[in-house]
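Next come the chains, spelled out residue by residue.
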Amino acid sequence: MFEAVDNPEPVRTRLAETTSRLQDSVRGARWVAPGNWHVTMKFLGSVYPRLRQWVGERAAEAARAAEPFETRITVMGAFPSPRRARVLWAGLEDSDGRLARLAGELDRLLEREFRVEQRPFSAHLTVARFREQVTLDEEMIGLEVASEPFRVDSLTLYRSHLQRPAARYEALQRIAFGG
């Protein structure tokens, strides 16, 4: 299970236009389907059935404390670095730290049962993964996506169904911000 912020179809379309230009030049990439693009706020992994309701209640608590805001997709990047890439991502604007604060609040509310993330939060959509580290062309990193601004106004709790060729995500609970 994981908790995520979704993005609207026009944003996915804009990002898909950008990534389609890259697909022929990036070897060894496993491209994430646009329907699976989201901003993971908290990855939970396997969740015991006895905890599922509790997790949903904590997610609702975090969402109630958040206010809707706007963001946009900005540029492409790589984790851990362009020279040793395992993930190709599209970054989201978070200049006022709202996404980072939401991730921190979820960590705080769930720390009784789940490990607190030690790495700093980086608002992004994963667009491709690599089985082995690759060196990416520097023209690709920092490539501007520049989506239209979009409204973030809810948090979604997902269950992953791992299958080939790609995972299927089932939305279990969508919680509006501010109530």
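Let me sum up the structure you'll find in this document. (Residues numbered from 1 in each chain as written. Predicted model: local features only at pLDDT ≥ 70, side-chain atom pairs only at ≥ 80, totals over all residues. Heavy atoms only, no water.)

Quick word on the overall build of the chain
Phase 1 of the analysis: When helices and strands are counted, the chain shows three helices and ten strands.
Phase 2 of the analysis: The principal-axis extent of the C-alpha atoms belonging to the chain is close to 45 × 30 × 30 Å.
Phase 3 of the analysis: Expressed as a percentage of the 179 residues in the chain, the buried residues total 45%.
Phase 4 of the analysis: With the model as given, the accessible surface of the chain reaches about 10100 Å², and the carbon-plus-sulfur share is 46%.
Phase 5 of the analysis: Side-chain charges in the chain split into 27 positive and 25 negative, and the spacing between the mean points of these groups amounts to 7 Å. (Helix = DSSP H or I, 4+ residues; strand = E, 2+ residues; numbered from the N terminus. Buried < 20%, exposed > 50% of the residue type's maximum accessible area, 1.4 Å probe, protein only. Areas by Shrake-Rupley, 256 points an atom, 1.4 Å probe, with all protein chains shown as cover. Lys, Arg positive; Asp, Glu negative; His and termini not counted. Charge placed at Lys NZ, Arg CZ, Asp CG, Glu CD.)

Side note on helix H1 (residues 9-22)
Phase 1 of the analysis: With 14 residues, H1 should cover 20 Å at 1.5 Å per step; its first-to-last C-alpha distance of 20 Å lies within 8% of that length.
Phase 2 of the analysis: Val11, Arg12, Leu15, Thr18, Thr19 and Leu22 are the residues of H1 that are buried. (Expected span 1.5 Å × (residues − 1).)

Here we look at the environment of lysine 42
Phase 1 of the analysis: Tracing the backbone shows lysine 42 in strand E3 (residues 39-43).
Phase 2 of the analysis: Taking relative accessible area as the criterion, lysine 42 reaches 5% and is therefore assigned buried.
Phase 3 of the analysis: Taking C-alpha positions, lysine 42 is 9.5 Å from leucine 157, a pair spaced 115 residues apart along the chain.
Phase 4 of the analysis: In contact with lysine 42, other than residues within four places in its own chain, are Phe2, Glu3, Leu106, Asp107, Leu110, Phe114, Arg115, Val116 and Glu117.
Phase 5 of the analysis: A polar atom in the side chain of lysine 42 sits 2.5 Å from the side chain of aspartate 107. (Contact = heavy atoms within 4.5 Å. Polar contact = N/O pair within 3.5 Å; in protein donor to acceptor, adjacent residues only side chain to side chain.)

Focus on the pattern of salt bridges
Phase 1 of the analysis: All chains considered together, the criterion is met by 13 salt bridges.
Phase 2 of the analysis: Residue aspartate 107 is joined to lysine 42 by a salt bridge in which the shortest nitrogen-to-oxygen separation is 2.5 Å. On the criterion of sequence distance, the pair formed by aspartate 107 in helix H3 (residues 98-110) and lysine 42 in strand E3 is long-range, its members being 65 residues apart. The pair formed by aspartate 107 and lysine 42 is uniform in burial state, with each residue classed as buried.
Phase 3 of the analysis: A network of salt bridges, in which partner residues are shared, links Glu57, Arg58 and Glu61. (Salt bridge = Lys/Arg side-chain N within 4 Å of Asp/Glu carboxyl O.)

Points about the sheet that holds strand E5 (residues 73-79)
Hydrogen bonds along the backbone pair up the strands of a sheet, which may run parallel or antiparallel.
Phase 1 of the analysis: With antiparallel pairing, four strands are arranged side by side in an open sheet as E2-E7-E6-E5. Both edges of this open sheet fall to strand E2 (29-31) and E5, since each of them pairs with a single strand only. Between one strand axis and the next, the sheet turns by 20° as a mean value, whatever way the strands run.
Phase 2 of the analysis: Two elements, E5 and strand E6 (residues 85-92), share five bridges in a ladder whose sense is antiparallel. Its bridge partner lying in E6, isoleucine 73 is registered against leucine 92.
Phase 3 of the analysis: Most of the contacts of H1 go to E5, to which it runs at about 45°, and overall it touches E2, E5, E6 and strand E7 (124-134). (Pairing = 2+ DSSP bridges. Axes fitted to C-alpha atoms, helices over the stretch in contact; angles between N-to-C directions.)

Considering the pairing of strand E9 (residues 154-161)
Within a regular strand, side chains alternate between the sheet's two faces.
Phase 1 of the analysis: As judged from the three bridges shared by strand E1 (residues 2-5) and E9, these two strands associate in the antiparallel manner. The partner of phenylalanine 2 across the bridge, within E9, is tyrosine 158.
Phase 2 of the analysis: Here eight bridges tie E9 to strand E10 (residues 168-176), and the two strands are oriented antiparallel to one another. Bridge pairing in E10 links arginine 159 to glutamate 170.
Phase 3 of the analysis: In this structure, the hairpin formed by E9 and E10 is closed by a connection of six residues.

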